[in-house]
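Coordinate analysis (summary)
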Amino acid sequence: MFVLFAAVLIGLHASLLRLPYYWDEAGYYIPAARDLFAGSLIPHSTPSNAHPPLVMAWIALWWKVFGQAVVVTRCAMLLLAAFSLLGFFRLARTVANTAVAAGSTLLVAIYPVFFAQSSLAQIDLPSAGLIFWGLEPYFKNQKSGRAVESETRQFSLVHRWPALCWFSLAVLTKETAILVPLALFVWEFVSRFISKKSPSLAGGAEEGASGGKNLARALRIGGTNVANSVLLLIPVIPLAAWYAYHYARTGRVFGNPEFFRYNVQGTLHPLRIFLALLLRTWQAVGYLDLYVLTIACLVAMTFRPIKTAQGERPRISVPIQMALLAIVLAYLLVLSVVGGAVLARYMLPVVPLVILISVSTIWRRLPAWKAVVAVVGLAFISGLFINPPYGFAPEDNLAYRDYIRLHQRAEAFLLHRYPNGRVLTAWPASDELTRPYLGYVQKPLQVVRIEDFSAEQLLSAADQRVPFDVALVFSTKYQPHTLLDGWQRWRRWKSRYFDFHVDLPPEAAVSVLGGELIYTERRRGQWVGIIAIEKIEEADVR
């Protein structure tokens, strides 16, 4: 199945394999991988964000064997995506059945965020995959009844070590993966309290009294000792070791000060947390046509379970659903408090869990469940190509390809016409023009960097003393006009809490900077422009 998943993913991404590196790939992960390839676990060619190094080490290993090429990086990441899909399939089959596993795995594979992230050199999708691999033995161990059955046995490390190993690898891929074992740790204590109040909850009404008791014991709802739950904290150890190493080498625990300020110190406002929670909830149940599946699930809930010769089609057991819900809630709450950018890829560990629960519900209650899954699949495929009517990150569907193509052509034009010119631009184009290994230019250009292309930044650039010959302006955000944009308070909230700004289009940027617009191109809501700056020569007075 792994070979099948890998072949299909690589085939579907064939036209994307040679695309230059995009956004955070170019700004952090590829430079960090190059530093690791040269022998340094801590990035030095880019400010360290203190992310654990496992994915960068994986990329460096592939470079060591096959050479430092974009296509090598893309294939290496697609193999991780295939491994993640296989882990999810095993998890779904363990908690549900093969039919549900097949349907939910298909939907996860073509969900726009998962598909787009599959070939990108970033850490969120591999972290999600390792979490799925950890959850499978965790739940399988419980359902098989191999968990502790007596308070006299203090530890069951032998039963839990597979899950703990996968969770430990996950936290060495991305630090936020620690939320999964922590959520399960908390849920085991909560479930023990619930079981004392309502033991019948353990197995669900459909499993009968005997089955409920057995499943309750397997899930440690009733008779689990505290030591077993404490074992779930073992993945904290490798994460703490990594941060200790990072501190010893850099003098900082959580990366460079600006990174920490943006992702932690600048997010701790109650209103900002509430707004981020709304956005995170939307990403978990509605983002990029996910609402089609959510609506289908809610409609299915109005139907009675399908009856077969063996009885009603079984649900995913209630305790497992509650454990999955605990993980989802942990991500929703914590990532609403920390994380400056509310990116959808951060939710990749939990969106597939929502898909799994939804597909299971549809399978259980709707005779035409395959047709429903097919309709949802078509919606997901359309979401890959059709941008939504609200702001989103281009990396969440194939819009990132449009961004790369626009920048490739514009920067090739710059290199041809102004090989020695000084270029005014913003990140990430500033890195694209100065780092040829990113795949945009053959030799570095001189860059004058500004933060963005808002009116304030362009006016400041026009007044600054540092000269430049040409300006490369581009859309840094995909922001279609929506009804909320007319609400001034919402615009202020976005500007204050989510780094919102309005980029001046090329025609307006010319009026601020002066000069002549010599190149412009637009594609599906994104644009790029090049402005040649007119120079005023002083008269030679004799």
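Everything quoted here is computed from the prediction, not taken from an experiment.

About the thresholds
- Residues numbered from 1 in each chain as written.
- Predicted model: local features only at pLDDT ≥ 70, side-chain atom pairs only at ≥ 80, totals over all residues.
- Heavy atoms only, no water.
- Buried < 20%, exposed > 50% of the residue type's maximum accessible area, 1.4 Å probe, protein only.
- Helix = DSSP H or I, 4+ residues; strand = E, 2+ residues; numbered from the N terminus.
- Pairing = 2+ DSSP bridges.
- Lys, Arg positive; Asp, Glu negative; His and termini not counted.
- Salt bridge = Lys/Arg side-chain N within 4 Å of Asp/Glu carboxyl O.
- Polar contact = N/O pair within 3.5 Å; in protein donor to acceptor, adjacent residues only side chain to side chain.
- Contact = heavy atoms within 4.5 Å.
- Axes fitted to C-alpha atoms, helices over the stretch in contact; angles between N-to-C directions.
- pLDDT = per-residue confidence, 0-100.
- Left-handed = near helix turned anticlockwise from the far one by under 90°.
- Nonpolar A, V, L, I, M, F, W, Y, C, P; charged D, E, K, R; others polar.
- Phe/Tyr/Trp six-rings, centres within 6.5 Å; stacked < 30°, edge-to-face > 60°.
- Lys NZ or Arg CZ within 6 Å of the ring centre and 35° of its normal.

For strand β5 (residues 470–474), the buried fraction is high: five of the five residues fall into the buried class. Of the two faces of β5, both are covered, the one formed by V470, L472 and F474 as well as the one formed by A471 and V473. The pairing of strand β3 (residues 422–426) with β5 spans two bridges and is parallel. Within β5, the residue paired with V423 across the bridge is V470. The pairing of β5 with strand β7 (residues 526–532) spans five bridges and is classified as antiparallel. Paired with V470 across the strands is A532, a residue of β7.

Residue placement: D452 occurs in the loop between β4 (446–450) and α21 (455–463). The buried charged residue D452 lacks any salt bridge, with K477 as its nearest oppositely charged partner at 8.0 Å. Polar contacts involving the side chain of D452 include one to the side chain of S454, which spans 2.7 Å. Once residues lying within four places of it in the same chain are set aside, the contact partners of D452 are A426, Q457, H501 and D503.

We now examine the sheet that holds β4. The sheet built from five strands is open, its strands ordered β4-β3-β5-β7-β6 with mixed pairing. Two strands lie at the open edges of the sheet, namely β4 and β6 (516–523), each paired on one side alone. Looking at each pair of strands side by side, their axes are set apart by 20 degrees on average, direction ignored.

Quick look at the confidence of the model for the protein chain now. For the protein chain, per-residue confidence averages 89 on the pLDDT scale, and residues scoring 70 or more make up 89% of the total. Under a pLDDT of 50 for its full length, residues 146–155 has, in the predicted model, 25 contacts with residues more than four places off or in other chains.

This paragraph deals with the side chain of T476. Tracing the chain through its elements places T476 in the loop between β5 and α22 (488–497). The class for T476 is buried, based on a relative accessible area of 14%. Within the local environment of T476, its side chain forms a polar contact with the side chain of D503, the two groups lying 2.6 Å apart. If sequence neighbours within four positions are ignored, T476 has contacts with W23, F453, H501 and D503.

Here we take up the packing of helix α15 (residues 290–300) against helix α17 (residues 351–365). Interaxial distance between α15 and α17 falls to 9 Å at its minimum, and their mutual angle equals 35 degrees. Relative to α17, the crossing made by α15 is left-handed. Contact residues: L290, L293, A296, C297 and A300 in α15; V351, I355, S358, V359, T361, I362 and R365 in α17. Each residue belonging to the contact of α15 with α17 can be placed in one class, and the counts come to nine nonpolar, two polar and one charged.

With that out of the way, let us pick up the pattern of salt bridges. Evaluated as defined, the whole model comprises 15 salt bridges. We note a salt bridge from E258 to R261, for which the minimum N-O separation is 2.8 Å. Highlighted residues: E258 and R261, both in helix α13 (residues 257–263), separated by three residues, approximately one helical turn. What makes E258 partly exposed here is its relative accessible area of 46%. Among the ionic pairs, R523 bridges to D402, the shortest N-O distance being 2.7 Å. Taken together, the positions of R523 in strand β6 and D402 in helix α19 (residues 399–417) put the pair 121 residues apart, joining distant regions of the chain.

Our next topic: the packing of aromatic side chains. Counting across every chain of the model gives 25 aromatic pairs. Geometrically, the ring pair formed by F37 and W63 is edge-to-face, given 6.2 Å between the ring centres and 75 degrees between the ring planes. Taken together, the residues F37 in helix α2 (residues 24–37) and W63 in helix α3 (residues 54–66) connect sequence positions 26 residues apart. The exposure class assigned to W63 is buried, which follows from its relative accessible area of 4%. Site record: aromatic cluster; members linked through ring pairs are Y22, W23, Y400, Y403, W427, F453 and F474. Directly above the ring of Y437 sits R34, whose terminal nitrogen or CZ lies 3.7 Å from the centroid. Sitting above the plane of the F189 ring, R192 keeps its charged end 4.9 Å from the centroid.

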